[in-house]
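# Descriptive analysis of the structure
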Amino acid sequence: MVGLPVPDRLSIKSYKGDYSVEFTSDAFAAVQTLPVDKTQLIVDQKVFDLYRAHFEKYLADFKKVFINAEEAEKDIDQISKYVRVLSANGVKIDHTLVAVGGGITQDITCFLAATMFRGMSWIFVPTTLLAQADSCIGSKSSINVGSLKNLLGTFTPPRQIFLDVGFLRTLEAKDIASGTGEILKVHMIKGIEYFERAIVDLHAMKTDFQVLQNYIAASLRYKKELIELDEMDKGPRNVMNYGHSFGHAIESATSFGIPHGIAVTMGMDMANYQSMKMGRITEADFFKWHTALRENYRDFENVPLDRGIFSSSLKKDKKNTGSLLSLILVRRQGPIEKIGVAPDAEFQKNCDEFFAGFKNR
Ligand SMILES: NC(=O)c1ccc[n+]([C@@H]2O[C@H](COP(=O)([O-])OP(=O)(O)OC[C@H]3O[C@@H](n4cnc5c(N)ncnc54)[C@H](O)[C@@H]3O)[C@@H](O)[C@H]2O)c1
Ligand SMILES: [Zn+2]
């Protein structure tokens, strides 16, 4: 495929062995070099349809399993289906699974690689902005159980990542916004000044490919710092959950009607609202950031949201301990941090105010 040449690589330290992100302008040629008899491709059906000519030219001889990349597909109930197809394709313990797609294809492939034969090797070709700028590194597989989002999972890094930004040219606007949501998240975690620079560039990210590529590379560099410090998410890495407690609850309460990174953008806005109410940031901070965050989720702000499911999902969030919600909150003076917040009447009032206001501000 013709993408922009970005000759670079980023290596990541992992408990399972170091791996690297190879920036390539030809992911198909890179995958073609793998041994056909020991490789099983797990491909997003939509990506296959869009890039059929490339698959036929480079990867015709490879065994393929197709995924319909919808949130319902990464449910535990669907996993056995993929095990059966791989088994019918003759998968063996020394084969490599190669995921070609976005975060959903990644999560399913990573979970299969972690569990089949008690562990296989896997390679990732991320084709969405969210996967390229964020999820491709960090080792996590995340599988849903009904409406319980990402409840099951493992830490299983890929052996390698072939990152080809050329894939992004066919993404829909909502999937670009989903990716820019995670880019904004990583930048806020790095520091308020990084976030404030990113919101100034938000429009340019969506219109200027070079700007977007720079933000992909920066996001991966900032995420690398945290995952190398705390791959198992026991402490410092927890802040990567910024926007996610609220975001996952929003996804559940809208029956996954909002793309993940867009729900996370709303979740960041909600977390900032809570931070403002607790006096951690000023009103001026909140409203300045809100304008940019809302710009990223505007197209989805009127999706009907079930408040009962929202509240119960928030309380079931896997990061909670005891009766407190574990929220990642911003502070004007000092780093972003994890705070235990009681889901009391005041917290509910803040949520009510946010939901009442955010459609019209
Ligand atoms: N494991 C992790 O660390 C991690 C991190 C963040 C998010 N996630 C998960 O990732 C999922 C979201 O990932 P995503 O946003 O990449 O979504 P996705 O995999 O659902 O892809 C979004 C849409 O884009 C389509 N698509 C993929 N590549 C395309 C291309 N090049 N051109 C056109 N269309 C293309 C897909 O078919 C799908 O319709 C969520 O389930 C989320 O929980 C996982
Ligand atoms: Zn996320």
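Here is a short report on the structure shown in this document. Note that this is a predicted model, so its numbers are computed, not measured.

## Some remarks on the site of ligand 1
Ligand 1 sits among 25 residues. The nearest are Gly-103, Asp-107, Thr-128, Lys-149 and Thr-170. Contact distances for ligand 1 include 2.7 Å between an oxygen atom and a backbone N or O atom of Gly-103. Coverage of ligand 1 by the protein amounts to 92% of the 860 Å² it exposes when considered alone. Of all the elements in the fold, those that place two or more residues in the shell around ligand 1 are α2 (45-50), α5 (103-115), α6 (129-135), β8 (148-155) and α7 (173-190). If you tally residues by element for the shell around ligand 1, the top one is α5, at four residues. In the shell around ligand 1, the residues fall into seven nonpolar, nine polar and nine charged.

## Description of the coordination of the zinc ion (ligand 2)
Taken together, Glu-182 (OE), His-244 (NE2) and His-260 (NE2) make up the full set of protein donors to the zinc ion (ligand 2), lying 2.0 to 2.1 Å away. Spacing between the donor residues of the zinc ion (ligand 2) along the chain follows E-x61-H-x15-H. A residue pair is termed long-range when its members are at least 10 positions apart, and Glu-182 in helix α7 and His-244 in helix α11 (residues 244-253) qualify at 62 residues. Residue class for Glu-182 comes out buried when judged on its relative accessible area of 2%. Given the relative accessible area of 7%, His-244 is considered buried.

## Let's talk about the layout of surface pockets
Estimated volume of the second largest pocket: approximately 320 Å³. Around the second largest pocket sit 20 residues that line it, and Ala-173, Lys-174, Ile-176, Ala-177 and Lys-206 are the ones nearest its centre. Those elements that provide at least two residues to the lining of the second largest pocket are α7, α9 (202-207), α10 (209-229) and α13 (283-297). It is α7 that provides the largest number of residues to the lining of the second largest pocket, a total of four residues.

Thresholds, definitions, all that
- Residues numbered from 1 in each chain as written.
- Chains lettered and ligands numbered in written order.
- Predicted model: local features only at pLDDT ≥ 70, side-chain atom pairs only at ≥ 80, totals over all residues.
- Heavy atoms only, no water.
- Near = heavy atom within 4 Å.
- Polar contact = N/O pair within 3.5 Å; in protein donor to acceptor, adjacent residues only side chain to side chain.
- Areas by Shrake-Rupley, 256 points an atom, 1.4 Å probe, with all protein chains shown as cover.
- Helix = DSSP H or I, 4+ residues; strand = E, 2+ residues; numbered from the N terminus.
- Nonpolar A, V, L, I, M, F, W, Y, C, P; charged D, E, K, R; others polar.
- Donors = N, O, S within 2.8 Å, 3.2 Å for Na, K, Ca; no water.
- Buried < 20%, exposed > 50% of the residue type's maximum accessible area, 1.4 Å probe, protein only.
- 1 Å grid on protein atoms, 1.4 Å probe; cavity = no way out; pocket = protein on both sides within 12 Å on 5 of 7 lines; lining within 4 Å.
- Points joined across faces, edges and corners; volume = space filled by probe spheres on them.

Worth remembering: the numbers are spatial, not functional.
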